[in-house]
Every structure is written in structure tokens, then in C-alpha cells.
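Single-letter residue listing:
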Amino acid sequence: MPPQQQTERQAMATLAKSPLLFSTFAPMSARRLYLFGGVGLIAAGMLFGDVFAVFVLHQNAGQQGAALIDASRAVASGNAAVSNESFVRLGTLLEDRGTKVDAHVHMVDAGYLALILALVQPYVALSRPTKKALAGLFILGGMLLPIGIFLIHYVGLAYSPFAVIGWASVLADAAGALLIVVLVVQAWGYWKYLATRELTEPVLLAENSMPSRALLTGGTLLVLLGFLHGAYYAGALLYRHEEMETDILKRMLGAASQGNLTMATSEVNNFGMLAGARAVNIAAHSHIIEFGLLAILLSFVQPYVFLSEKWKRRWVQVLLGGSVILPVFVLLELKFGLLAGGIADVGGLAVVIALIGMMVGILRYAGSLDATESRA
Amino acid sequence: MTRSRGILVFGGLILAAFGMLYGLHYALFVEHQTLDHMGGTLTQAFALAADRNTPRSTSALEAYSSTKYDYVRQVDAHSHWIGLAMIMVVIGLAFDRVNFSEAFRAVIAFSLLVGGTLFPLAVLLQTYHHGAVMFKALAVASSGLVIAALTAAALGFARPSASA
């Protein structure tokens with residue numbers, strides 16, 4: 001083993017035996033559950049988002065266009081009933097897309113909340129078993145909520161005793177309620193802390209290392225870039241897009257009413273392009289800000305990533321690189337089509353891989369800490 | 001807890017709670033009606049066009065556009081209040097690592113709080129007066145404040161501490 005690597009290993013072994021570090025990361029503590037569960041939820045949610053973008057998103061957009069073309073044909077032939085049927089089909093397609101987007105967003109957001117809860121545990125004045133039970137319930141709710149949302153489109157109202165709510169919605173609502181209950185109890189624990197101002201466990205260690213600082217600075221810059229892009233979109237494009245949508249729909253209906261199906265179909269294509277332009281701008285805006293938040297949150301757990309400095313830096317670079325690639329190439333999809341879409345998916349995958357890499361480091365850290373403790 | 005950190009963490013929590021309460025009110029009393037109206041007017045515009053009733057079809061289409069204008073901004077206000085609050089809390093947790101004086105950090109924190117409160121409010125107010133210049137200007141100014149504060153925070157994080 002090269003001497004530098006040996007020194008790094010020795011340093012990490014000493015670090016793992018530190019009683020302060022051990023007390024901030026006790027075995028099977030609420031903090032560990034939140035940390036592992038949170039990173040797992042974020043990684044799974046992002047992977048699901050990547051799969052959705054590759055296999056569902058574009059196909060669904062194509063089917064929406066086809067439904068609108070059918071509605072235009074119905075207008076041309078003066079058949080209001082068929083036009084209404086096309087809109088029912090369009091509604092089903094929008095539900096299919098919407099529930100998948102919601103499942104992705106809710107899984108990732110539950111992961112973010114879990115990471116925030118891992119950070120604030122010292123300020124929650126509750127007993128250890130209560131905190132641990134709450135953490136277990138939160139992770140369970142965070143898993144069941146997106147599963148319930150995903151199933152809404154497929155389960156529908158089958159075997160449901162309710163008029164408009166299906167079993168999948170019941171599952172999603174119950175899981176959401178579970179998350180709210182856990183958060184309310186955490187708030188109550190925080191209220192109790194305010195009375196005494198005594199920390200119930202040590203706060204996570206602050207590290208002024210390069211990976212930690214890069215994640216903090218990079219994360220804030222990503223949030224800033226997302227904000228700048230949002231401001232540009234709102235100022236330069238939002239109103240124009242809204243006017244364009246009304247104009248396109250007017251032209252589409254006018255052409256269909258006059259039986260000009262070629263022009264109506266062309267306007268449906270314009271409508272699809274406009275919807276695409278809006279979607280990529282909103283997706284780029286929200287993804288870059290979410291990745292920024294993720295980077296800031298991950299900067300807090302860097303002292304617990306049991307990897308050499310070189311590998312810690314590598315994962316930070318991969319994470320920040322992927323966080324820029326995905327939104328930039330999502331925007332470029334309008335010009336370069338599926339090629340840019342493919343590169344954006346690779347960017348998303350890079351973020352997932354970096355997350356898993358950091359999680360492996362935290363698992364190694366937890367393992368070495370537990371092994372040291374059991375030998376003592 | 002330092003003053004600047006307190007402004008961000010507690011201000012963020014209050015803003016998030018406000019954003020969620022607004023969202024709850026919106027979901028219970030406004031959203032379903034708005035979505036029904038939006039879907040209904042668009043379907044109606046097509047059905048009326050099929051019946052060759054162009055004036056009513058156009059009027060249904062305009063009602064759809066107006067409802068969608070409101071819907072987009074109502075949802076944006078809700079999501080931006082909560083999103084900005086989350087950013088404030090997360091940045092607040094690490095705010096002691098912004099390597100500026102506490103007085104300057106308090107200015108950054110206060111700017112984020114004011115910008116984060118006013119920006120979604122300005123967006124929401126636009127639904128009461130479509131295209132009102134005053135509310136557009138307020139949205140631009142408050143988002144500018146958030147951008148300036150985030151830039152300062154990023155610079156502070158990047159700056160090595162004197163003790164490091």
C-alpha cells in the first residue's frame with residue numbers, strides 16, 4: 001500500500017474511534033435512519049425520474065398530440081360528442097403523466113425532509129426510542145406516499161367504497177398524513193427544547209474541508225443559477241408563452257371549423273412544441289434548485305463519508321457536474337432533441353451514482369464505528 | 001444561535017408554514033373549482049366550435065386562458081413560498097460558515113426573508129389585476145433581492161475562514 005494511502009487510512013481509523021463522532025452517529029439512532037433513508041429515497045426518486053424521462057415522457061406527449069388532433073378532426077366534422085371523448089382521453093393521459101411526475105417529486109422531497117430532520121435532531125427534546133420510532137414512521141411514509149401516487153392511475157376506483165377516491169389515493173393520503181403527524185411531533189419536540197435550550201444529542205460536526213466547502217458554495221450557486229433562470233423565464237418568456245397558447249388554440253379551432261385539417265394539425269404540433277418549451281424551462285428551473293439544496297444538505301454529512309479525500313472530492317465533482325449537465329441539457333432538448341435529452345439523463349444518473357458513492361462512504365463509516373464499539 | 005441564523009431558520013419555518021396553510025386553503029376551496037373551470041372551458045370551446053358557434057367558442061377559450069393565468073400564478077406563489085423557505089432553512093443551518101461579519105450576515109438573511117416573502121406575494125397579487133405593472137415591478141425587485149442575497153451567501157461560503 002502506498003505510504004500516502006496508509007496515512008489516510010490511519011487518519012480515518014482514528015477519526016472513526018473518536019467518541020464525539022460516535023455520539024453524533026450512534027448505531028440504529030434516529031439520525032442514522034433519517035440519513036440512510038433520506039439518501040435512499042432521493043436516489044430511488046431520481047432513478048425513477050430518469051426511467052420516466054426515457055420510457056414515458058415523450059411517448060405520453062405524442063399521445064396527447066394525437067388526442068388533440070382527434071379533437072380537431074371532430075370539430076371539423078361537426079361532432080361535439082367525439083370532441084368531448086378526445087378530451088376525456090387527454091385527461092387520462094395527463095393523469096398518467098401527472099401521477100408519475102408527482103411520485104418522482106414526492107419521493108425526492110421526502111428524502112430532502114429526512115436529511116433536514118437528521119440535522120435538527122439535537123433540537124428535538126424527545127426520548128431516543130420515540131425519536132427512532134418517528135424516524136422509522138417517516139421513512140415508511142416517505143416510501144408509501146410515492147407508491148400510492150404512482151398506483152392512482154392504474155388502480156382507479158376498483159373495489160373502492162368511495163365515489164371519487166380510489167384505494168391508491170387512500171394509501172397516498174394515509175402516508176401523507178403519517179408524514180404530517182411525524183412533523184407535528186417533531187415540532188412539539190422542538191417546542192419542548194425551547195423551554196430548556198438543552199441539546200438532546202451533539203450537533204453534527206462542521207467540517208471546513210474542500211469537499212464540504214465545494215458542496216456549500218456549489219449548492220448555493222446552483223440555487224442562484226436556478227433563480228436567475230427563473231427570473232429570465234418569468235420576465236422574457238412566461239407572458240409570451242401564455243399569449244402564444246391562446247393564439248394557437250384560436251387558430252387551431254378556426255382551421256378545424258373551416259375543415260382545414262392540415263392547418264389544424266400544424267397548430268396541434270405548434271401547441272406541442274410550446275408545451276415542450278414550457279416543460280423544459282420549468283424542469284430546468286426546478287431541477288437546478290433541487291440539486292443545489294441537495295448539495296448543501298450533503299455538505300453537512302461529509303465528516304461521515306468514510307472515504308479517502310481523493311474519492312470524496314471525486315464524488316463531489318460528479319455530483320456538481322451532473323447537477324449542471326441535467327438542467328442545461330434539458331433546456332437544449334428544444335434545439336437538439338433526443339440527443340440532448342439522453343445527455344440530460346446521463347447527468348441525472350451521475351447525480352444518482354455520486355449519491356450512492358457518498359452513501360457507501362457513510363455505510364463504511366457506520367460499519368467501522370460499530371465494529372470498533374463492539375470490540376471495546 | 002446567531003441572529004442571522006435565527007432570521008433564516010425561524011423566518012424560513014414561519015414562511016413554510018404560511019405557504020403550506022395557503023396551499024391547504026387553496027387545495028380545499030379553490031383548486032378543484034379552478035381546474036374544473038379550466039378543463040370545462042377548453043372542452044366547451046372545442047364542442048362549441050364543432051357546433052359552428054364561433055363567438056361562444058372564442059369566449060370559452062378566453063375564459064380558459066384567463067383561468068389558466070390565475071392557476072399558474074396561484075400554484076407558483078404556493079410552491080415558491082415553500083421552496084424559498086426550504087432554501088432559507090437549509091442555508092440557515094450552515095450560515096455560520098458564511099465568512100463575513102455577523103452584521104453583514106444579518107443583512108443577507110434579512111434580504112432573503114423580505115425577498116422570499118414579497119416575491120410570491122407579488123406573483124399572487126397579479127391574479128387580482130392581470131398584467132398590473134406595479135405588481136410586476138414588485139416581483140422583479142423582490143426576486144432581485146433574493147438573487148443578490150444568494151450571491152452574497154455563495155461568496156461567503158467560498159471565502160476561506162480566518163481560522164482555517
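So, here's what we can say about the structure. (Residues numbered from 1 in each chain as written. Chains lettered and ligands numbered in written order. Predicted model: local features only at pLDDT ≥ 70, side-chain atom pairs only at ≥ 80, totals over all residues. Heavy atoms only, no water.)

Okay, the overall build of chain B next. Helices and strands together make up the secondary structure of chain B, namely four helices and zero strands. Counting from the amino terminus, helix and strand elements in chain B follow one another as α-α-α-α. Taking 164 residues into account, the globule formula puts the C-alpha radius of gyration at 15 Å, and chain B, at 21 Å, lies well above it. Each of the three principal axes of chain B carries a C-alpha extent, and together these read 75 × 30 × 25 Å. Looking at the 164 residues of chain B, the share that counts as buried comes to 51%. Pairs at least 24 residues apart make up 80% of the contacts formed inside chain B by residues separated by at least 6 positions. By element, 70% of the accessible surface of chain B is carried by carbon and sulfur atoms, the whole surface being about 7,400 Å². Side chains of chain B give 10 positive and 8 negative charges; the mean places of these two sets differ by 11 Å. (Helix = DSSP H or I, 4+ residues; strand = E, 2+ residues; numbered from the N terminus. Rg over C-alpha atoms; globule rule 2.2 N^0.38 Å. Buried < 20%, exposed > 50% of the residue type's maximum accessible area, 1.4 Å probe, protein only. Contact = heavy atoms within 4.5 Å. Areas by Shrake-Rupley, 256 points an atom, 1.4 Å probe, with all protein chains shown as cover. Lys, Arg positive; Asp, Glu negative; His and termini not counted. Charge placed at Lys NZ, Arg CZ, Asp CG, Glu CD.)

So, about the overall build of chain A. Looking only at helices and strands, chain A has 10 helices and zero strands in total. Starting at the N terminus and ending at the C terminus, chain A contains elements arranged as α-α-α-α-α-α-α-α-α-α. For chain A, the spread of C-alpha atoms along the principal axes amounts to about 85 × 50 × 35 Å. By the burial criterion, 49% of the 376 residues in chain A qualify as buried. Pairs at least 24 residues apart make up 83% of the contacts formed inside chain A by residues separated by at least 6 positions.

Take the packing of aromatic side chains next. Applying the stated rule across the entire model yields 16 aromatic pairs over all chains. Ring centres of B:Phe18 and B:Trp81 lie 5.0 Å apart, and the angle between their planes is 85°; this geometry places the pair in the edge-to-face category. Here the residue B:Phe18 occupies a position in helix H1 (residues 3–50), and B:Trp81 occupies one in helix H2 (residues 54–93), the gap between them amounting to 63 residues. One aromatic cluster in this structure is built from A:Tyr123, A:Tyr190, A:Tyr193 and B:Phe10. In this arrangement the basic side chain of A:Arg314 is found over the ring face of A:Trp311, its NZ or CZ atom lying 4.4 Å from the centre. Of note, B:Lys136 hangs over the ring of A:Tyr239, and the distance from its end group to the ring centre comes to 4.2 Å. (Phe/Tyr/Trp six-rings, centres within 6.5 Å; stacked < 30°, edge-to-face > 60°. Lys NZ or Arg CZ within 6 Å of the ring centre and 35° of its normal.)

Once that is clear, we can look at the interface of chain A and chain B. If you look at the interface, chain A gives 51 residues, while chain B gives 44 residues. Taking both partners together, chain A and chain B bury about 4,000 Å²; carbon and sulfur atoms supply 72% of that area. Where chain A touches chain B, the interface holds three salt bridges. The shortest N-O distance in the salt bridge between A:Glu245 and B:Lys68 comes to 2.8 Å. (Buried area = accessible area lost by both parts, 1.4 Å probe. Salt bridge = Lys/Arg side-chain N within 4 Å of Asp/Glu carboxyl O.)

So, on to the pattern of salt bridges. Residue and element names in this part refer to chain A. Across all of its chains, the model carries 13 salt bridges over all chains by this definition. Between Glu245 and Arg278 there is a salt bridge, with the nearest N and O atoms lying 2.9 Å from each other. Taken as a pair, Glu245 in helix H7 (residues 210–257) and Arg278 in helix H8 (residues 261–300) lie far apart in primary sequence, 33 residues in all. Taken individually, Glu245 and Arg278 each receive the classification buried, so the pair is uniform in this respect. Here Glu309 ties to Arg313 by a salt bridge, and the two come within 3.7 Å at their closest N and O atoms. A residue pair is termed a helical-turn pair when its members lie 3 or 4 positions apart in one helix, as Glu309 and Arg313 do in helix H9 (residues 309–336) at four residues. Overlapping salt bridges, with partners in common, bring together Arg31, Lys131 and Glu201 in one network.

So, on to the packing of H1(B) against helix H3 (residues 102–125) of chain B. Residue and element names in this part refer to chain B. Between H1 and H3, the shortest axis-to-axis distance is 8 Å and the interhelical angle comes to 15°. Of the possible angle classes, the one that applies to H1 and H3 is roughly parallel. Considering the relative orientation of H1 and H3, their crossing is left-handed. Listed contacts from H3 to Arg3, Ser4, Ile7, Leu8, Gly11, Leu15 and Tyr22 of H1 are Glu102, Arg105, Ala106, Ala109, Phe110, Leu112, Leu113, Gly116, Thr117 and Leu124. (Axes fitted to C-alpha atoms, helices over the stretch in contact; angles between N-to-C directions. Parallel < 35°, antiparallel > 145°, perpendicular 65-115°, else oblique. Left-handed = near helix turned anticlockwise from the far one by under 90°.)

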